[in-house]
2 protein chains.
Amino acid sequence: MNLLLAWPGNETLAQSLGLALSVPVESPVTRRFPDGEAYLRVGEVRGRDVAIVASLDRPDEKTLPLLFLADALRAEGAASVGLIAPYLAYLRQDRQFLRGEAVTSRTFARLLSGAFQWLVTVDPHLHRYHSLGEIYSIETAVVHAAPEIAAWIKANVESPLVIGPDSESEQWVSEIAGAIGAPYATLEKTRRGDRDVEVTIPRIERWPGHTPVLADDIVSTGRTMVAAIGRLAELKRLAPVCIGVHAIFAQDAWQALMAAKPARIATCNTIEHPTNAIDLTAALAAGIRKLV
Amino acid sequence: MNLLLAWPGNETLAQSLGLALSVPVESPVTRRFPDGEAYLRVGEVRGRDVAIVASLDRPDEKTLPLLFLADALRAEGAASVGLIAPYLAYLRQDRQFLRGEAVTSRTFARLLSGAFQWLVTVDPHLHRYHSLGEIYSIETAVVHAAPEIAAWIKANVESPLVIGPDSESEQWVSEIAGAIGAPYATLEKTRRGDRDVEVTIPRIERWPGHTPVLADDIVSTGRTMVAAIGRLAELKRLAPVCIGVHAIFAQDAWQALMAAKPARIATCNTIEHPTNAIDLTAALAAGIRKLV
């Protein structure tokens, strides 16, 4: 791979990836006509192996222009076109929960597989699929954020107690905690309504004096973290450090989380956001090198 | 075809098409998760020939969910899936004007052709393509708005002078004018800058007392109509009636056009808008019957 293209909003990560991989970074021309249609233009790419750096949060407005860009690169003679999507969208709907539902993960995977030759992402939200290969027909590589998150906690939090959002996260938080010799727990949730979630933290009395570190893969509405911060306050524990891999922060989520007064919020740089503090450049570069 | 699905914002036209074609009309469940991803669910469609009514103005946020919906219909056993897109997007970029540009019309046509078996639209903005068949690999039918526009002018405007926006529109405005025995002219534009267009109306002195009728296929920024209204005021002519097939009205276009004080604005119901006055239901129903 010998050219990186930064999708708008991904310039910072693209530049650091370019440095790590010794690959030049360019930006395609992207704009919108007044009627909302996208315009795209690429530079000289003939014979080059190109990868686009484009995190796929808020995917609907982004995907169509991204498919246009991939087509334009091929039309201009690029030797190959890959996608570095640090956050990959549309994995939630991995089957029909109700009859008639669109299984959007399959359609989305087919569209991307038709436009790109390979895909690298970070911690995709896989539940019933065991690997991206079940729905993506192109080569994929998955980068794990856990080692960098563990290193960040070790460097920044004294006496941490790592807390995952639910029982499904146990494997992930135990990996982070194990890497730094810290204890861990997972929240137990009782949902009372759409926005009313009660959480309990089993066995937390076993670790007095530890700093709680709430870690989640995706911070979307942030409600679970807000509920957990509230519970920790009731227990008169230290305000927690909140860590997320993917800083989606839907709608007012960031403000709501700040209002709950955590000690700190730190996210990985898979989606550009002011809370980015954990740099995955090296891990992503290694993942890319494995594929191309 | 025995089921119409109304895409959000297309309910009014879908209902009147349903009546005209004696076909039931349903609405798919469409919503967004807080993180911006689309959720879609369809009803019982096994063995049915389904058509979605979805005008494609502001196409980027709409196209991905629309492709999901088409896939869901197929997965649920629909016998066929067609698209009634009264306004069809992405026809402007029909070649590279500058090296490296994405020819978005081709990619867009390939995506829709992969999702639908047929397509009906109204007056697509074709320039260098002679027909949709050059880029769409599915059956297409084009409905012309001119007869209904001519009938509306005849019923609503006394002594009309039909004026097209540019020399390319001559064939279209001459058809409208010819149908009602009215004279016609086309604007000549001198562009002085991005938003500064000067227009002249050749030979307008030949038709004193006529009511100017400015007719355009797409009203996007509305700037040409605003300039023409200003020119007519300078000539101390009657305020014109403004007619558009496709009521895009990008950003503040509607307000800007209202502020120029035309006698009236009337658009066809290809894009739902308060100015809709010219009903193309019968013409669209005839176009659909030709295909299915």
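Residues numbered from 1 in each chain as written. Chains lettered and ligands numbered in written order. Predicted model: local features only at pLDDT ≥ 70, side-chain atom pairs only at ≥ 80, totals over all residues. Heavy atoms only, no water.

Undergrad: How would you explain the packing of helix H3 (residues 104-115) of chain A against helix H2 (residues 60-75) of chain B if you had to name every residue and give the values?
TA: To characterise two packed helices, one gives the angle between the axes of the helices and the distance between these axes. Across the interface, H3(A) lies against H2(B) with an axial gap of 9 Å and an inter-helix angle of 115°. Handedness of the crossing formed by H3(A) with H2(B): right-handed. From H3(A), Thr104(A), Thr107(A), Phe108(A), Arg110(A) and Leu111(A) reach across to H2(B), where they touch Leu64(B), Leu67(B), Phe68(B) and Asp71(B). Here the residues of the contact of H3(A) with H2(B) are counted per class, giving five nonpolar, two polar and two charged. (Axes fitted to C-alpha atoms, helices over the stretch in contact; angles between N-to-C directions. Helix = DSSP H or I, 4+ residues; strand = E, 2+ residues; numbered from the N terminus. Left-handed = near helix turned anticlockwise from the far one by under 90°. Contact = heavy atoms within 4.5 Å. Nonpolar A, V, L, I, M, F, W, Y, C, P; charged D, E, K, R; others polar.)

Undergrad: Explain the packing of aromatic side chains to me, and be specific about the residues and the numbers.
TA: Summed over the entire model, instances satisfying the criterion amount to eight aromatic pairs over all chains. When the ring of Phe249(A) is compared with that of Trp254(A), the centres are 6.4 Å apart and the planes differ by 45°; the resulting orientation is tilted. Taken together, the aromatic side chains of Phe68(A), Tyr90(B) and Phe108(B) make up a single cluster linked through ring pairs. Between Arg31(A) and the ring centre of Tyr39(A), over which it is positioned, the NZ or CZ distance is 4.6 Å. (Phe/Tyr/Trp six-rings, centres within 6.5 Å; stacked < 30°, edge-to-face > 60°. Lys NZ or Arg CZ within 6 Å of the ring centre and 35° of its normal.)

Undergrad: Outline the interface of chain B and chain A, listing residues and values.
TA: Each side of the interface is counted separately: chain B has 47 residues, and chain A has 47 residues. Roughly 4100 Å² is buried in total at the junction of chain B and chain A, and carbon and sulfur atoms are behind 50% of that figure. Among the residues of chain B in contact with chain A, Glu37(B), Asp60(B) and Arg92(B) are the three that bury the most area, contributing 15% of the side total. Here chain B is connected to chain A by 12 salt bridges. For Glu44(A), the salt bridge goes to Arg99(B), with nearest N and O atoms at 3.4 Å. (Buried area = accessible area lost by both parts, 1.4 Å probe. Salt bridge = Lys/Arg side-chain N within 4 Å of Asp/Glu carboxyl O.)

Undergrad: Mind laying out the pairing of strand E9 (residues 160-164) of chain B, listing which residues take part and the relevant values?
TA: All names here are of chain B. E9 sits mainly inside the fold: five of its five residues count as buried. Of the strand pairs in this sheet, E9 and strand E10 (residues 184-186) are connected by three bridges, and their pairing is parallel. What sits directly across from Gly 164, in E10, is Thr 186. This β-α-β element, E9 to helix H5 (residues 170-179) to E10, shows right-handed connectivity. (Buried < 20%, exposed > 50% of the residue type's maximum accessible area, 1.4 Å probe, protein only. Pairing = 2+ DSSP bridges. Right-handed = clockwise from strand over helix to strand, strands pointing away.)

Undergrad: Could you give me a rundown of the side chain of Thr270(B), with the residues and numbers involved?
TA: Residue and element names in this part refer to chain B. If you trace the backbone, Thr 270 turns up in the loop between strand E15 (264-268) and strand E16 (276-278). Reaching out from Thr 270, the side chain makes a polar contact with the backbone oxygen of Val 245 at a distance of 3.2 Å. With residues up to four places along the chain from it excluded, the contact list for Thr 270 reads Ser 55, Pro 86, Tyr 87, Val 122, Val 245, His 246 and Leu 280. (Polar contact = N/O pair within 3.5 Å; in protein donor to acceptor, adjacent residues only side chain to side chain.)

Undergrad: Any chance you could break down unusual backbone geometry for me, citing the residues and the numbers?
TA: All names here are of chain A. Positive phi is not limited to glycine here, since Ser 22 has a value of about 55°. Here Ser 22 is to be found in the loop between helix H1 (11-21) and strand E2 (25-26). Overall, the relative accessible area of 67% leaves Ser 22 in the exposed class. The phi dihedral of Arg 58 is positive, around 45°, even though this residue is not glycine. Within the secondary structure, Arg 58 sits in the loop between strand E5 (49-53) and helix H2 (60-75). The exposure class assigned to Arg 58 is partly exposed, which follows from its relative accessible area of 29%.

That's the geometry; what it means functionally is another story.
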